[in-house]
Amino acid sequence: MAITRLTLAPLLLIAAVLLSTETSAQPAAPAPGPAGPINLTAILEKGGQFTTFMHLLKITQIGSQVDIQVNSSSEGMTVFAPTDNAFQNLKAGTLNKLSADEQVKLILYHVSPKFYTLDDLLSVSNPVRTQASGRDNGVYGLNFTGEANQVNVSTGYVETRVSNALRSQRPLAVYVVDMVLLPGEMFGEHKLSPIAPAPKSPTTGVSDDNTNSTKKAPASADKSASGERRVGLGFGFGLVVLCLKFIF
């Protein structure tokens, strides 16, 4: 037995060395490579309800501009993405009435040239600049209010809630909004209006009656003056006849 143990010991040592060599010779698992460039369209596609917004990003070429800027800027960017329902709630033909330049301004208005978390938006100084700020000498800013986890955004023309985030990691934040953010510089009073005009007041007939009665008033006055003149002439003629009788 002693001889057997002495014989096995070197064999076990050799086997251990061979196993150690084989293990160390295996290639190490590859380290994870750098993350690919950020793609706004891919983020929206994953969200599943932004077909119209993606279409506008494409035809205005703003989507590709955001991708380039967000992957090269230290400031990051924030995008407010209206849902398809938000666009459907606009007055029919609103988008079709916009010129190519107006479409560009509308989409740029949904992009801020800085990364904001929801907490940032609660304490930010209003108005917040957008990519449309300064165009046509307009402010084109967004105003944010709210508390806790609820953030509201106002354009001065419409107001809605900033709901869930499709992405909130630097350098890009993408937040969902349930209304299209219509800038007052484009859709304010006496400008492009996406809201149907209010029906006329039913009291129009009363105004017409008042107008008619006003027009009739001078005619009545003329009749009255004519009657007074006739009475005065008759009275004078009677005095003349009476005096002639006394004379003759």
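Residues numbered from 1 in each chain as written. Predicted model: local features only at pLDDT ≥ 70, side-chain atom pairs only at ≥ 80, totals over all residues. Heavy atoms only, no water.

Peer 1: Lay out the packing of aromatic side chains with the relevant residues and their values.
Peer 2: One pass over the full model with this rule turns up 3 aromatic pairs. Between F80 and F144, the aromatic rings sit 5.6 Å apart at their centres with planes inclined by 35°, giving tilted as the arrangement. In this pair, F80 is assigned in strand β1 (residues 77–82) and F144 in strand β3 (residues 143–147), connecting sequence segments 64 residues apart. Judged by relative accessible area, which is 1%, F80 ranks as buried. (Phe/Tyr/Trp six-rings, centres within 6.5 Å; stacked < 30°, edge-to-face > 60°. Helix = DSSP H or I, 4+ residues; strand = E, 2+ residues; numbered from the N terminus. Buried < 20%, exposed > 50% of the residue type's maximum accessible area, 1.4 Å probe, protein only.)

Peer 1: Which residues make up helix α4 (residues 62–70), and what values do they have?
Peer 2: Along α4, the residues that are buried comprise I62, G63, V66, D67 and V70. Looking straight down α4, one finds its buried side chains confined to an arc of 145°; they lie on one side. Where the residues of α4 are buried, they touch α2 (40–47), α3 (51–59), β1, α6 (100–108), β2 (111–112) and β6 (172–177). (Arc of directions from axis to C-beta. Contact = heavy atoms within 4.5 Å.)

Peer 1: Before we move on, can you summarise the packing of α2 against α3 with the specific residues and values?
Peer 2: Where α2 meets α3, the axes come as close as 10 Å, and the angle between the chain directions of the two elements is 165°. With respect to their mutual orientation, α2 and α3 come out roughly antiparallel. Note that α2 runs across α3; the crossing there is left-handed. Mapping the contact onto sequence places L40, T41, L44 and E45 in α2 and F53, M54 and L57 in α3. Looking at the contact of α2 with α3 residue by residue, the class counts come to 5 nonpolar, 1 polar and 1 charged. (Axes fitted to C-alpha atoms, helices over the stretch in contact; angles between N-to-C directions. Parallel < 35°, antiparallel > 145°, perpendicular 65-115°, else oblique. Left-handed = near helix turned anticlockwise from the far one by under 90°. Nonpolar A, V, L, I, M, F, W, Y, C, P; charged D, E, K, R; others polar.)

Peer 1: Can you tell me about the nonpolar core, naming the residues and giving the values?
Peer 2: With 50 residues, the main nonpolar core has L44, F53, F80, F144 and L172 as its most contacted residues. Considering every element that reaches this core, the biggest residue donor is β6, with 6 residues. Beyond its immediate sequence surroundings of up to four residues, F144 is in contact with F80, L121, V124, N126, V128, V151, N152, V153 and V162. (Core = buried A, V, L, I, M, F, W, Y, C linked by side-chain atoms within 4.5 Å.)

Peer 1: Give a detailed account of the pairing of strand β4 (residues 150–154), specifying residues and quantitative values.
Peer 2: Of all 5 residues making up β4, 4 are buried, and the element is well covered by its neighbours. Relative to β4, β3 runs antiparallel, the two sharing 5 bridges. Along β4, the bridge assignment pairs N143 with S154. Between β3 and the antiparallel strand that follows it, β4, lie 2 residues; A148 among them carries a positive phi value of about 50°. (Pairing = 2+ DSSP bridges.)

Peer 1: Quick one: what's the story with the side chain of S112, residue by residue and with numbers?
Peer 2: With respect to the helices and strands, S112 occurs in strand β2. Beyond its immediate stretch of four places on either side in the chain, S112 contacts M77, T78, V128, R129 and T130.

Peer 1: Before we move on, can you summarise the side chain of N152 with the specific residues and values?
Peer 2: Locating N152 in the fold gives a position in strand β4. If near-sequence neighbours (up to four positions away) are discounted, N152 is found in contact with N143, F144, T145, E159, T160 and R161.

Peer 1: Quick one: what's the story with the pattern of salt bridges, residue by residue and with numbers?
Peer 2: Evaluation of the coordinates by the stated rule reveals 3 salt bridges. A salt bridge links D101 to R135; the nearest nitrogen and oxygen atoms lie 3.8 Å apart. With a gap of 34 residues between them, D101 in helix α6 and R135 in the loop between α7 (118–123) and β3 connect regions that are remote in the sequence. With a shortest N-O distance of 2.4 Å, D136 and K105 are connected by a salt bridge. Here K105 lies in helix α6 and D136 lies in the loop between α7 and β3, a separation of 31 residues in the sequence. The class for D136 is exposed, based on a relative accessible area of 54%. On the accessibility criterion, K105 (7% relative accessible area) is buried. Overlapping salt bridges, with partners in common, bring together D101, K105, R135 and D136 in one network. (Salt bridge = Lys/Arg side-chain N within 4 Å of Asp/Glu carboxyl O.)

Peer 1: Residue-level account of the sheet that holds β6, with values.
Peer 2: The 6 strands are arranged β2-β1-β6-β5-β4-β3 in an open sheet whose pairing can be described as mixed. Single-partner strands in this sheet number two, and they are β2 and β3.

Peer 1: Residue-level account of the environment of S125, with values.
Peer 2: Of note, S125 is situated in the loop between α7 and β3. The exposed category is assigned to S125, whose relative accessible area is 63%. C-alpha of S125 to C-alpha of N143: the two residues are 18 residues apart in sequence and 8.4 Å apart in space.

Peer 1: Summarise unusual backbone geometry; cite the residues concerned and give the values.
Peer 2: Following N126, the chain continues into P127 via a peptide bond in cis, with omega recorded as -5°. Along the chain, P127 turns up in the loop between α7 and β3. Along the chain, R170 connects to P171 via a cis peptide bond; the corresponding omega equals 20°. Relative to the assigned elements, P171 resides in the loop between β5 (159–167) and β6.

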